[in-house]
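Per-entry structural report
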Amino acid sequence: MTTIERVDISDDAAFAAFHDVYLRAHERDIDLPYSAIEKRVGMRPDDYTDKVVLLGRDDAGTAVAGGTAELPLRDNTGLVYADAFTLPEHRRRGHGTAVIDAIEEIGRDAGRSTLFIEAVWELDDVDPASKAFAEGVGFTLDLLDAMRELTLPATLPPLEVADGYSIHSWRSTCPDAWVQGYTDVRALLMQEAPSGDVGLENEFWDVARTREEERRWAEQDRTPQVSIAVNDAGEVAGHTQLVFSDSENVYQWDTLVLPAHRGHGLGLALKVRTMLEATDLLEGRRRIITYNAAGNEPMIRVNAALGFEQTAWVGEYVKEI
């Protein structure tokens, strides 16, 4: 039997117990767990997302499993973004299922209709345990993503910016002159990036949320290096983000070029310029991690030009509740 308890992340001991299980459950090189400060600040509820942290204990009272539930408040209000994990030596005993059951109850109580989780597995794994778990508790695959990494140091292709465009970069805080355009592009990612059948809505983004994200990143000891492409009319055409923390890993997060501006090599130029601007931050790091839909051929070509190689699959799974 598994006992599920809610974790008060302001309680140092309770959060430490949760994070210990979280770290030990993500033991593979492809699991990429966040540090304590990243996870703790990241799971703090805000005006845009309600968040719940769970810890599972076995009959002896030992912490063996955990999970999180994130419930958007300004968009995608039928969804719960869920995560569940179990210590390797305690798997296949129902603990992960108990965590998912608890998240389902949270979702139903909040009037949500769909759970959304991710399962990660190695390229050569013919019978992935994470995939089997997701399908075993009732989830179905909605979209297949590829995890790719660029080993550092890397040799970059030349920076080439198309006529009629310029690239502007910053670290940590977006300049006021660009924050509205940058925010507007951020709001279109769900619409413009490949997605599955679950029908994800655009996320709600305003300038206040952009500034809140920057403050949160600072609390998490993260440093973002961001670039935007701007046309001669002053319109923001696309953006990309490299995010650094106290880790050997670097994350290439959102990258988007708006449809009207595609075909000019802006995606590659944005990534090259951002890496050049972050030369000092990249020093001593092991790799850059990025994700894209398995069928997103334009972004795959960009990443291949930079030297990224696929290291894992990421399945986006959904379940109606």
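Further up the page is the structure itself.
Keep in mind that this is a model prediction, so the values were computed, not measured.

It is worth spelling out the overall build of the chain at this point. A count of helical and extended segments in the chain gives ten helices and twelve strands. At 20 Å, the chain has a C-alpha radius of gyration in line with the 20 Å of a compact globule built from 321 residues. Each principal axis of the C-alpha atoms in the chain carries an extent, and together these give about 65 × 40 × 35 Å. For the chain, buried positions account for 50% of its 321 residues. For the chain, contacts bridging at least 24 residues in sequence account for 71% of all contacts bridging at least 6. When the accessible surface of the chain is summed, it comes to about 14,500 Å², and 48% of that surface belongs to carbon and sulfur atoms.

Moving on to the nonpolar core. If you look at the biggest cluster of nonpolar residues, it comprises 21 residues, and the most contacted ones within it are Leu54, Ala69, Val80, Ile103, Ile117, Phe139 and Tyr317. Those elements that provide at least two residues to this core are strand S2 (49–57), strand S3 (63–72), strand S4 (79–86), helix H3 (95–109) and strand S5 (114–122). Counting 15 residues, the second-largest nonpolar core is a separate cluster that includes Leu150, Met275, Met299 and Val302.

Counted by the stated rule, this structure contains ten aromatic pairs. Considering the side-chain rings of Tyr251 and Trp253, the 5.8 Å spacing of their centres and the 35° angle between planes classify their relative orientation as tilted. The rings of Phe15, Phe18, Tyr22 and Phe85 are connected pair by pair, giving a single aromatic cluster. The ring of Tyr34 has Arg222 lying over it, and the distance from NZ or CZ to the ring centre is 4.8 Å. Over the face of the ring belonging to Phe308 we find Lys271, whose NZ or CZ atom lies 5.8 Å from the ring centre.

This paragraph deals with the pairing of strand S10 (residues 249–257). Across the nine residues of S10, seven count as buried, placing the element largely inside the fold. Count of turn residues in the strand S9 (residues 236–244)/S10 antiparallel hairpin: four residues. Note that S10 and strand S11 (residues 287–293) share three bridges and pair parallel. Its bridge partner being in S11, Tyr251 is matched across the sheet by Ile289.

On the surface, Leu159, Val161 and Leu276 cluster together into a nonpolar patch covering about 220 Å² of accessible area. Here Leu159 lies in the loop between strand S6 (140–151) and strand S7 (165–171). The exposure class of Leu159 is partly exposed, given its relative accessible area of 36%.

Running from amino to carboxyl end, helix H8 (residues 266–277) crosses helix H10 (residues 297–306) at an angle of 40°, the nearest separation of the two axes being 9 Å. Taken together, the axes of H8 and H10 lie oblique to each other. Of the two elements, H8 crosses H10, and the hand of that crossing is right-handed. On H10, the residues touching Gly267, Leu268, Lys271 and Val272 of H8 are Met299, Val302, Asn303, Ala305 and Leu306.

This paragraph deals with the side chain of His19. For His19, the position within the fold is in helix H1 (residues 12–25). Judged by its relative accessible area of 7%, His19 is buried. A distance of 3.3 Å separates the side chain of His19 from the backbone nitrogen of Ala36, its partner in a polar contact. Once you skip the residues sitting within four places of it in the chain, His19 turns out to touch Tyr34, Ser35, Ala36 and Lys39.

If you trace the backbone, Glu219 turns up in helix H7 (residues 207–219). Of the residues examined, Glu219 reaches a relative accessible area of 38% and is grouped as partly exposed. Here the alpha-carbon distance between Glu219 and Ile289, two residues 70 residues apart in the chain, equals 22 Å. Excluding residues within four positions of it along the chain, Glu219 makes contact with Ile37, Val41 and Arg44.

On to the pattern of salt bridges, then. Considering all chains together, one arrives at 26 salt bridges under this definition. Measuring nitrogen to oxygen at the nearest pair gives 3.4 Å for the salt bridge that ties Asp254 to Arg186. Taken together, the residues span a long stretch of sequence, with Asp254 in strand S10 and Arg186 in helix H5 (residues 176–186) at a distance of 68 residues. Classification of Arg186 by relative accessible area gives buried; the value is 4%. Ionic pairing is found between Glu248 and Arg286, a salt bridge with its closest N-O pair at 3.1 Å. Linking Glu248 in the loop between S9 and S10 with Arg286 in the loop between helix H9 (279–282) and S11, this pair joins segments that are 38 residues apart in sequence. Given a relative accessible area of 31%, Arg286 falls into the partly exposed group. What emerges from the salt-bridge pattern is a single network uniting Asp29, Glu149, Glu248, Arg286 and Arg287.

How each quantity is defined
- Residues numbered from 1 in each chain as written.
- Predicted model: local features only at pLDDT ≥ 70, side-chain atom pairs only at ≥ 80, totals over all residues.
- Heavy atoms only, no water.
- Helix = DSSP H or I, 4+ residues; strand = E, 2+ residues; numbered from the N terminus.
- Rg over C-alpha atoms; globule rule 2.2 N^0.38 Å.
- Buried < 20%, exposed > 50% of the residue type's maximum accessible area, 1.4 Å probe, protein only.
- Contact = heavy atoms within 4.5 Å.
- Areas by Shrake-Rupley, 256 points an atom, 1.4 Å probe, with all protein chains shown as cover.
- Core = buried A, V, L, I, M, F, W, Y, C linked by side-chain atoms within 4.5 Å.
- Phe/Tyr/Trp six-rings, centres within 6.5 Å; stacked < 30°, edge-to-face > 60°.
- Lys NZ or Arg CZ within 6 Å of the ring centre and 35° of its normal.
- Pairing = 2+ DSSP bridges.
- Patch = residues over 30% accessible without salt bridge, like charges linked within 9 Å, V, L, I, M, F, W, Y side chains within 5 Å.
- Salt bridge = Lys/Arg side-chain N within 4 Å of Asp/Glu carboxyl O.
- Axes fitted to C-alpha atoms, helices over the stretch in contact; angles between N-to-C directions.
- Parallel < 35°, antiparallel > 145°, perpendicular 65-115°, else oblique.
- Left-handed = near helix turned anticlockwise from the far one by under 90°.
- Polar contact = N/O pair within 3.5 Å; in protein donor to acceptor, adjacent residues only side chain to side chain.

Just distances and angles here, no functional claims.
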